[in-house]
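Listed here are the chains, written in short residue letters.
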Amino acid sequence: MKLTNKQLKQIIKEELAAVLGEGGVAYSGVVLDKESVEALTDAAKKFGIPEGFVFNTKAGAPLPHHMTIVPFSPIVHPKGKHDLSADYPVGGEITLEVLSFGYTDKAMAALIKPPAPIHKKVKFPHVTIAIPEGGRPFDSNKIPKENFKGPKPTVKDQKTGEEKPLFIKGVVQEVPS
């Protein structure tokens, strides 16, 4: 199907109006609770944080923070293009399994096993852990799959003392831009 410039401009205009007109959602995601941030940070430190990496953005926002479900959009798209609310209700608590850690020279992230599929615009489910000083959390989207390796992150069970898989949790939120 060929599109004219006029048609393409109209599509872009409609998409921007749909996304930005709904309160300007930067992303919808599972925003981690304090305990999960601490557990994930501790596990990442055990794995090894690349030298020079920090746990905050250049604007001062803390990392790790969230797993993106859908970028630049609410959970339910205003024009009906997607509806992830059955699996990810806004305000609902979601548990995520941490599968491994991976990094490049631009970002470190945890590979996540979500309870249900996330939007196809997200390359893979992950939580950005750390970035180089002045880096961009977005760069975690570009970590190659083969960079996620090493043993599966675990935590010590407080009752039995045995190592168990690392699960983190958070609340589904539509984060404003």
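It should be noted that the structure appears before, not after, this text.
A brief structural summary. Keep in mind the model is a prediction, meaning the values are calculated, not measured. (Residues numbered from 1 in each chain as written. Predicted model: local features only at pLDDT ≥ 70, side-chain atom pairs only at ≥ 80, totals over all residues. Heavy atoms only, no water.)

Comments concerning the packing of aromatic side chains
Here is the rule: Classification of ring pairs rests on two measures: the distance between centres of Phe, Tyr or Trp rings, Trp counted by its six-membered ring, which must be within 6.5 Å, and the angle between planes, read as stacked under 30 degrees, edge-to-face over 60 and tilted in between. Secondary structure elements are defined from DSSP: runs of H or I of at least 4 residues count as helices, runs of E of at least 2 residues count as strands, and each element is numbered from the N terminus. Remark: exposure states derive from per-residue accessible area (1.4 Å probe, protein chains only) relative to the maximum for the residue type, with buried under 20%, exposed over 50%, and partly exposed in between.
For the coordinates displayed, the defined rule picks out three aromatic pairs. Here Phe124 and Phe148 contribute two aromatic rings whose centre-to-centre distance is 5.4 Å and whose plane-to-plane angle is 70 degrees, an arrangement assigned as edge-to-face. Here the residue Phe124 occupies a position in the loop between strand E5 (108-113) and strand E6 (126-132), and Phe148 occupies one in the loop between E6 and strand E7 (154-156), the gap between them amounting to 24 residues. Neither Phe124 nor Phe148 differs from the other in exposure class; each is buried. Aromatic ring contacts, followed pair by pair, group Phe47, Phe101 and Tyr103 into a single cluster.

Quick look at the environment of Tyr103
To be explicit about the condition: Note on contacts: a residue pair qualifies if any of its non-hydrogen atoms lie within 4.5 Å across the two residues.
For Tyr103, the position within the fold is in strand E4 (residues 93-103). Since its relative accessible area comes to 39%, Tyr103 is described here as partly exposed. Spatially, the C-alpha atom of Tyr103 lies 6.1 Å from that of Ile143, the residues being 40 residues apart in sequence. Aside from chain neighbours lying at most four places away, what touches Tyr103 is Phe47, Pro50, Met108, Ile143 and Asn147.

Examining the nonpolar core
This is how it is decided: Each nonpolar core is a collection of buried residues, namely Ala, Val, Leu, Ile, Met, Phe, Trp, Tyr and Cys, held together in the definition by side-chain atoms within 4.5 Å.
Counting residues in hydrophobic clusters, the biggest one holds 28 residues, and the most contacted among them are Leu40, Ile69, Tyr88, Phe101 and Ile168. Broken down by secondary-structure element, the contributors of at least two residues to this core are strand E1 (25-32), helix H2 (34-47), strand E3 (66-71), E4, E5, E6 and strand E9 (167-176). Sequence-distant contacts of Ile168, that is, excluding residues within four places in its chain, are made with Leu32, Ser36, Leu40, Ile94, Thr95, Leu96, Val98, Ile112 and Val127. In this structure, Ala107, Phe124, Ile143 and Phe148 belong to the second largest nonpolar core, which totals eight residues.

What about the pairing of E3?
The side chains of a regular strand alternate, residue by residue, between the two faces of the sheet. Threshold: A pair of strands is considered paired only if DSSP assigns at least 2 bridges between the two.
The buried count for E3 comes to six of six residues, which makes it a mostly enclosed element. Pairing of E1 with E3, which is carried by five bridges, proceeds in the antiparallel orientation. Paired with Tyr27 across the bridge in E3 is Pro71.

Honestly, that's just the spatial picture; any functional story needs more than this.
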